[in-house]
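# Observations on the model geometry
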Amino acid sequence: AQSVTQLDSQVPVFEEAPVELRCNYSSSVSVYLFWYVQYPNQGLQLLLKYLSGSTLVKGINGFEAEFNKSQTSFHLRKPSVHISDTAEYFCAVSRGSGGYQKVTFGTGTKLQVIP
Amino acid sequence: EPEVTQTPSHQVTQMGQEVILRCVPISNHLYFYWYRQILGQKVEFLVSFYNNEISEKSEIFDDQFSVERPDGSNFTLKIRSTKLEDSAMYFCASRRGEGNSPLHFGNGTRLTVT
């Protein structure tokens, strides 16, 4: 079975400061990793994904994440946050084969950007 | 860019009533999913659907739930006899096919059971 742990339920950060949202996963097989963002009263939007290759993945809105296999982590970072980044962020994992494989989500981290 | 669309955006129903949540996945996608998110909690997998049958379902997806793809475009989730604890945001998602293709989500249907 696969699982995702997001240790921080809420992260307050001042505008223009850097932020890191932590994600650790566990799986007995190779995985694909994703970050999704949910703005208030909206659905889930894909921020970025790691499938293979370079461990540093760049996504939309200036976010990036680094896959670390030895630490089983996929932390999300942004060097300078904006008020509009206030949202909930979900780390997710999918097994590496089979199109119907379900995606398992973490519990989410609420990013609050303070003016 | 093509989107997954869900209707209605908000559904209020009385306990014990049947409810059908509707979704139109992206047209060239092959795999379809329902997830739900109880207010303030994590996004939970309900069911995956491929080739006109259920591929996998969670413990939440009991006999009160069913899914159907009645035509080439719609994908529905039916709850036969709603309970208070079914109140949640229900998200439909689809993916193209490969294991590495990401899920595309709709904006959800907020179901309120009174």
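Anything mentioned here points back to the structure above.
Residues numbered from 1 in each chain as written. Chains lettered and ligands numbered in written order. Predicted model: local features only at pLDDT ≥ 70, side-chain atom pairs only at ≥ 80, totals over all residues. Heavy atoms only, no water.

### Quick notes on the overall build of chain A
Across its full length, chain A holds zero helices and 12 strands. Mapped in sequence order, the helices and strands of chain A form the string β-β-β-β-β-β-β-β-β-β-β-β. Overall, chain A is about 45 × 30 × 25 Å in size when its C-alpha atoms are taken along their principal axes. Every one of the 115 residues in chain A was classed for burial, and the buried ones make up 47%. At a minimum sequence separation of 6, the contacts of chain A that also span at least 24 residues come to 56%. Of the roughly 5500 Å² that chain A leaves accessible, carbon and sulfur atoms contribute 50%. Of the side-chain charges in chain A, 9 are positive and 8 negative, and the distance between the mean point of each set is 12 Å. (Helix = DSSP H or I, 4+ residues; strand = E, 2+ residues; numbered from the N terminus. Buried < 20%, exposed > 50% of the residue type's maximum accessible area, 1.4 Å probe, protein only. Contact = heavy atoms within 4.5 Å. Areas by Shrake-Rupley, 256 points an atom, 1.4 Å probe, with all protein chains shown as cover. Lys, Arg positive; Asp, Glu negative; His and termini not counted. Charge placed at Lys NZ, Arg CZ, Asp CG, Glu CD.)

### Describing the packing of aromatic side chains
In total, this model carries 19 aromatic pairs over all chains according to the counting rule given. Between phenylalanine 105 of chain A and tyrosine 35 of chain B, the aromatic rings sit 5.4 Å apart at their centres with planes inclined by 85 degrees, giving edge-to-face as the arrangement. Here phenylalanine 105 of chain A is found in strand β11 (residues 103–105), whereas its partner tyrosine 35 of chain B is found in strand β4 (residues 31–37) on a different chain. Both residues of the pair, phenylalanine 105 of chain A and tyrosine 35 of chain B, count as buried. With centroids separated by 5.5 Å and ring planes inclined at 40 degrees, the aromatic side chains of phenylalanine 32 of chain B and phenylalanine 75 of chain B adopt a geometry described as tilted. Of this pair, phenylalanine 32 of chain B sits in strand β4 while phenylalanine 75 of chain B sits in strand β8 (residues 75–79), and the two are 43 residues apart along the sequence. With a relative accessible area of 4%, phenylalanine 32 of chain B lands in the buried category. (Phe/Tyr/Trp six-rings, centres within 6.5 Å; stacked < 30°, edge-to-face > 60°.)

### Some remarks on the pattern of salt bridges
All names here are of chain A. Counted according to the given criterion, the structure contains six salt bridges over all chains. When the shortest N-O distance is used, the salt bridge between glutamate 64 and lysine 58 registers 2.8 Å. Several salt bridges converge on common partners, so that one network encompasses Glu20, Glu66 and Arg77. (Salt bridge = Lys/Arg side-chain N within 4 Å of Asp/Glu carboxyl O.)

### Section: the state of the cysteines
Throughout the structure, instances matching the rule amount to two disulfides over all chains. The residue that forms a disulfide with cysteine 23 of chain A is cysteine 91 of chain A, at a sulfur-sulfur distance of 1.9 Å. Taking the sign of the S-S torsion, about -65 degrees here, the bridge from cysteine 23 of chain A to cysteine 91 of chain A comes out left-handed. Placement of cysteine 23 of chain A in the loop between β3 (19–21) and β4 (24–26) and of cysteine 91 of chain A in strand β10 (residues 87–95) is noted, with a sequence separation of 68 residues between them. For cysteine 91 of chain A, a relative accessible area of 0% gives the class buried. Disulfide pairing is shown between cysteine 23 of chain B and cysteine 92 of chain B; the S-S distance is 1.9 Å. (Disulfide = S-S within 2.5 Å.)

### Let's talk about the interface of chain A and chain B
Across the boundary between the two partners, chain A contributes 22 residues, which contact 21 residues of chain B. Summed over the shared surface of chain A and chain B, the number is zero salt bridges. At the boundary of chain A and chain B, one finds five residue pairs in polar contact (both at pLDDT 80 or more). Here the side of chain A that touches chain B gets four residues from one element, more than from any other, and that element is strand β5 (residues 31–38) of chain A. Along the lines of polarity and charge, the residues of the side of chain A that touches chain B split into 10 nonpolar, nine polar and three charged. (Polar contact = N/O pair within 3.5 Å; in protein donor to acceptor, adjacent residues only side chain to side chain. Nonpolar A, V, L, I, M, F, W, Y, C, P; charged D, E, K, R; others polar.)

### Topic: the pairing of strand β3 (residues 19–24) of chain B
Residues and elements named next belong to chain B. Burial along β3 is one-sided: Val19, Leu21 and Cys23 are buried, while Ile20, Arg22 and Val24, pointing the other way, are not. Two strands pair when backbone bridges link them, and strand β1 (residues 5–7) and β3 are joined in this way by three bridges, in the antiparallel orientation. Within β3, the residue paired with threonine 7 across the bridge is arginine 22. Bridging between β3 and β8 involves five bridges; their strand directions are antiparallel. Note on β8: the bridge partner recorded for leucine 21 is leucine 77. (Pairing = 2+ DSSP bridges.)

### Examining the sheet that holds β3 of chain B
Residue and element names in this part refer to chain B. Spatially, four strands are ordered β1-β3-β8-β7 in an open sheet, and the strand pairing comes out antiparallel. Two strands close off the open sheet at either side, each with one partner strand: β1 and β7 (65–68). The sheet shows a mean angle of 20 degrees between the axes of neighbouring strands, taken without regard to direction. In the sheet, β7 pairs with β8 via four bridges, with the strands oriented antiparallel. Following the sheet pairing, serine 66 is matched in β8 by lysine 78. (Axes fitted to C-alpha atoms, helices over the stretch in contact; angles between N-to-C directions.)

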